[in-house]
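The lines below spell out each chain.
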Amino acid sequence: MILTWLYAPGDRPEVVAKALSRGADAVIVDLEDAVAVSRKEYARAATAELLTERPPVPVHVRVNALDSPWGGADLTALAGLRGLAGLRLPKISAPEQITAVADRTGGVGLHALLESALGVERAYEIARAHPALHGLSLGEADLRADLGVSAEAGLDWPRSRVVVAARAAGLAPPAQSVFPDIRDLEALAASCARGRALGFLGRAAIHPRQLPVIEQAYLPGPEEVTAAEEIVTAARATPGAQALPDGRFIDPAVVAAAHRTLALAGRPR
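Report on the accompanying structure. Keep in mind it's a predicted model, so treat the numbers as computed, not measured.

## Some remarks on the packing of helix α11 (residues 222-237) against helix α12 (residues 252-265)
Point 1. Running from N to C, α11 and α12 point in directions that differ by 130°, and their axes come no closer than 9 Å. Relative to α12, the element α11 is oriented oblique. In the packing of α11 onto α12, the handedness of the crossing is left-handed. Along the contact surface, α11 presents E224, V225, A228, E229, I231, V232, A235 and R236, while α12 presents V254, V255, A258, H259, T261, L262 and A265.

## Points about unusual backbone geometry
Point 1. At K91, a position not held by glycine, the phi torsion is positive, near 55°.
Point 2. Relative to the helices and strands, K91 resides in the loop between β4 (84-89) and α4 (95-105).

## Some points on the environment of G80
Point 1. Among the structural elements, G80 can be located in the loop between α3 (71-78) and β4.
Point 2. Sequence-wise, G80 and T105 are 25 residues apart; in three dimensions their C-alpha atoms are separated by 7.0 Å.

## Regarding the packing of aromatic side chains
Point 1. What the rule picks out here adds up to zero aromatic pairs.
Point 2. Directly above the aromatic system of W70 lies the positively charged group of K40, at a separation of 5.1 Å from the ring centroid.
Point 3. The aromatic ring of W5 is capped on one face by R88, whose charged end is 4.9 Å from the ring centroid.

## Overview of the nonpolar core
The tendency in soluble globular proteins is for nonpolar side chains to be buried side by side.
Point 1. Ranked by internal contacts, the top residues of the largest apolar core, which has 58 residues, are V61, L78, L87, L110, L114 and L136.
Point 2. If one sorts the elements of this core by residue count, helix α10 (residues 211-218) sits on top with five residues.
Point 3. Residues in contact with L136, not counting those within four places in the same chain, are H111, A112, L114, A123, I126, A127, V162, A165, A166, L171, P174 and A175.
Point 4. Grouped together as the second largest cluster of nonpolar side chains are nine residues, A228, A234, I250 and A258 included.

Basis of the calculations
- Residues numbered from 1 in each chain as written.
- Predicted model: local features only at pLDDT ≥ 70, side-chain atom pairs only at ≥ 80, totals over all residues.
- Heavy atoms only, no water.
- Axes fitted to C-alpha atoms, helices over the stretch in contact; angles between N-to-C directions.
- Helix = DSSP H or I, 4+ residues; strand = E, 2+ residues; numbered from the N terminus.
- Parallel < 35°, antiparallel > 145°, perpendicular 65-115°, else oblique.
- Left-handed = near helix turned anticlockwise from the far one by under 90°.
- Contact = heavy atoms within 4.5 Å.
- Phe/Tyr/Trp six-rings, centres within 6.5 Å; stacked < 30°, edge-to-face > 60°.
- Lys NZ or Arg CZ within 6 Å of the ring centre and 35° of its normal.
- Core = buried A, V, L, I, M, F, W, Y, C linked by side-chain atoms within 4.5 Å.
- Buried < 20%, exposed > 50% of the residue type's maximum accessible area, 1.4 Å probe, protein only.

Set out below in structure tokens:
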């Protein structure tokens, strides 16, 4: 179960090597926003070389936009590499884009980044486009620009939309978009708490110092674990809907949520 994703620029192999050892559940090598145009080819080649063998943690690659001069070459260079855990596809706005990539990449797991109003509006169709699609996320910087919003409240509906679309399509809950201020860890923690309340699970980071904050925000606390254990124990003793001595009502949906909490609390590291 992945809670923390750490971005690293594809044209900086030494930074990617450090990222692999910083404790993230997965690393995302970025060939898009973090790489200047003059270094796109170098970044692609360096990433392909890295992924000829399986790295110590899962490595996903964010390729360039499919309609850019580099997106197609990225897919060709990366498809079939032993160490590639997944591809993150930016600026997805139509299900046909997912189908086209899946046909080219031989079943590697895909992750769609929705970065426009049109992408958000079509979130459910995109989520159901192909079995190779394993996840959705928002690209909030581009989405803010497209919507013309600056206040956090302006993204509440798109955030809820992508959570609902992912779950309706049978995908895992989405991870939150990156938090751009690497110094303000208090604000990061508050943002993660808000994301968790909206149904997100985990978050992408742009600096290793953000990882412990994200993990702490998304792992169940002791009180949550205790409550989940009580629910599971009561359900085993008396199957079906019931009220606990403290007045809490439990039914199969509540029990399932308790099992998810315990699975998250006991996930391997």
